[in-house]
Amino acid sequence: MKLDKIILMAREWNASDIHMSAGMPLLFRVHGSLRQAPVQPGEEEINEILYGLLNEKQKEELKEGYDIDFAMESSDGFRQRVNIFMQQKKIATTIRLLNSYIPTLEELHMPEKLYELAEEPRGLILVTGPTGSGKSTTLAAMIEHINQTKPVHIITIEDPVEYKYTGKKALIHQREAGEDVISFASALRSALREDPDIILVGEMRDYETISAAMTAAETGHLVLSTLHTTGAAQTVDRVIDACPAGSQNQIRTQLSGVLKGVVTQCLMPAADGQGRIAGTEILIGTDAVCNLIRESKTHQMGSIMQAGSAAGMHTLNMDIAKLVSQGKISRKTAFQYTNDRRDLEQYL
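Residues numbered from 1 in each chain as written. Predicted model: local features only at pLDDT ≥ 70, side-chain atom pairs only at ≥ 80, totals over all residues. Heavy atoms only, no water.

A few words on the overall build of the chain. Counting its secondary structure elements, the chain contains 14 helices and 13 strands. Computed over its C-alpha atoms, the radius of gyration of the chain comes to 21 Å, within 12% of the 20 Å expected for a compact globule of 348 residues. Seen through its principal axes, the chain has C-alpha atoms that stretch 60 × 50 × 40 Å. When burial is assessed residue by residue, the chain has 49% of its 348 residues classed as buried. (Helix = DSSP H or I, 4+ residues; strand = E, 2+ residues; numbered from the N terminus. Rg over C-alpha atoms; globule rule 2.2 N^0.38 Å. Buried < 20%, exposed > 50% of the residue type's maximum accessible area, 1.4 Å probe, protein only.)

Before going further, it helps to examine the pattern of salt bridges. Counted according to the given criterion, the structure contains 15 salt bridges. For R96, the salt bridge is made with D17, and the minimal N-O distance between the two is 2.7 Å. Taken together, the residues span a long stretch of sequence, with R96 in strand β6 (residues 90-97) and D17 in strand β1 (residues 15-21) at a distance of 79 residues. A salt bridge links E61 to K57; the nearest nitrogen and oxygen atoms lie 3.7 Å apart. You can see E61 and its partner K57 sitting in helix α3 (residues 56-63), four residues apart, about one turn around the helix. Connected through shared salt-bridge partners, D159, E203 and R205 make up one network. (Salt bridge = Lys/Arg side-chain N within 4 Å of Asp/Glu carboxyl O.)

Right, let's talk about the sheet that holds strand β3 (residues 33-36) for a bit. If you trace the six strands from one edge of the open sheet to the other, you get β3-β2-β1-β6-β5-β4, paired in antiparallel fashion. Either end of the sheet is taken by a strand with one partner, and the two such strands are β3 and β4 (68-73). Pairwise comparison of adjacent strand axes, ignoring direction, gives a mean angle of 25° for this sheet. Taken together, the six bridges between β4 and strand β5 (residues 79-87) define a ladder with antiparallel strand orientation. By the bridge assignment for β5, A71 is matched with R81. (Pairing = 2+ DSSP bridges. Axes fitted to C-alpha atoms, helices over the stretch in contact; angles between N-to-C directions.)

What follows is about the layout of surface pockets. Volume-wise, the second largest pocket comes out at about 340 Å³. Lining of the second largest pocket is provided by 14 residues; of these, Q58, E61, D69, G178 and E179 occupy positions nearest its centre. For the lining of the second largest pocket, the elements supplying multiple residues, two or more each, are α3 and β4. (1 Å grid on protein atoms, 1.4 Å probe; cavity = no way out; pocket = protein on both sides within 12 Å on 5 of 7 lines; lining within 4 Å. Points joined across faces, edges and corners; volume = space filled by probe spheres on them.)

Here the focus is the packing of helix α6 (residues 184-191) against helix α7 (residues 207-218). Contact geometry for α6 and α7: axes closest at 8 Å, N-to-C directions at 20°. The angle between α6 and α7 places the two elements in the roughly parallel class. For the pair α6 and α7, the sense of crossing is left-handed. When α6 is examined against α7, the residues F184, A185, L188 and R189 are found in contact with a partner set consisting of E208, T209, A212, A213 and A216. (Parallel < 35°, antiparallel > 145°, perpendicular 65-115°, else oblique. Left-handed = near helix turned anticlockwise from the far one by under 90°. Contact = heavy atoms within 4.5 Å.)

Moving on to the nonpolar core. Residues L124, M142, L224, L255 and L283 are the most contacted members of the largest nonpolar core, which totals 67 residues. For L124, the residues in contact, after removing those within four places along its chain, are M204, M214, A217, V223, L255, V258, L259, K260 and G261. Counting residues in each nonpolar core, the second largest holds 26 residues, with A10, F28, L62 and I95 among its members. (Core = buried A, V, L, I, M, F, W, Y, C linked by side-chain atoms within 4.5 Å.)

Relative to the elements of secondary structure, T226 occurs in strand β11 (residues 222-227). For T226, the side chain forms a polar contact with the main-chain oxygen of G202, separated by 2.7 Å. Here T226 is in contact with V127, K135, L139, V201, G202, E203 and M204, once residues within four sequence places are set aside. (Polar contact = N/O pair within 3.5 Å; in protein donor to acceptor, adjacent residues only side chain to side chain.)

In this section: the sheet that holds β11. In spatial order, the strands read β9-β8-β10-β11-β7-β12-β13; together these seven strands make up an open sheet with mixed pairing. Strand pairing shows two members of the sheet lacking a second neighbour, β9 (171-176) and β13 (276-284), which therefore form its edges. With strand direction ignored, the average angle separating the axes of adjacent strands in the sheet is 15°. As defined by bridge partners, strand β7 (residues 123-128) adjoins strand β12 (residues 259-269) across five bridges and the pair is classed as parallel. Opposite T128, over in β12, you have T264 as the bridge partner. Lying on the sheet, α6 is in contact with β8 (153-158), β9 and β10 (198-201); it crosses β8 at an angle near 165°. Across the face of the sheet, helix α9 (residues 248-258) comes into contact with β7 and β12 while running at roughly 85° to β12.

Keep in mind that these numbers describe shape and distance, not what the molecule does.
Put into structure tokens, the structure is as follows:
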């Protein structure tokens, strides 16, 4: 069996991910749950498929204990993000199926405020959420909105490149960490010499990357990036905590000067069982929010978001409660995804 055939089958099932491991069942993640695939390749077949995807250098790296990340295109023109790893001395992979086209923010049912954030001339915008919550797709939709509306230079730094853009009004250069450039941090530093207007950083992984992203935002660029956090206040803390103790005050000051917005999202099963719905939390970098960052009072951000609807802010619970009242998700689902049950009960 060819990998192409498995990918096509997974797409017919509307799967988001494929899990293939030597000696284990082939599984698809469909609307958030794992299901057994209708065909089950044998262990030898899986070995053949997965080792066949790797070149000699990658096979060596795998043997030395490294995971292998890359993007690939299947015969139908769709792109996939592939991670190959070893477990129990056997090869395994997780394949994330990407959309063939970049959906609009409207198609993703994202708040109108994201269009405004995408049109900011400079500053830092963070899209956060757990793994598999659609952060890359939301960022791609924002970049595509800019691509269709502004004659600007966009540089993306990704690992690996997920969505491929076709320049419309914008000039877009996509750089892959590990292929086109050594690391996110070095790509960010050199990006400042490449006359960009907008820089997309795949992930704020470490202090070096965070520091370079802050500098880029301070020097008049719009920087967009992602973090694995589950709330806006937690995102601010994570950015600061990722930095050495001696640099935290400086980063706090920089962040309060450049932050335009934090969008936190999670994907929840729809009430009708057809697909998933995004729940969002939005924090806007107003004067009040930036003061809280400077004064290290992020625990007060929840009340600012609750009272900040005029500025386009809302908490995750406010959005979840709205989705329940619209019949888009069930109450049971709402309580599974909330980060504060008592608060959600009051909204409902």
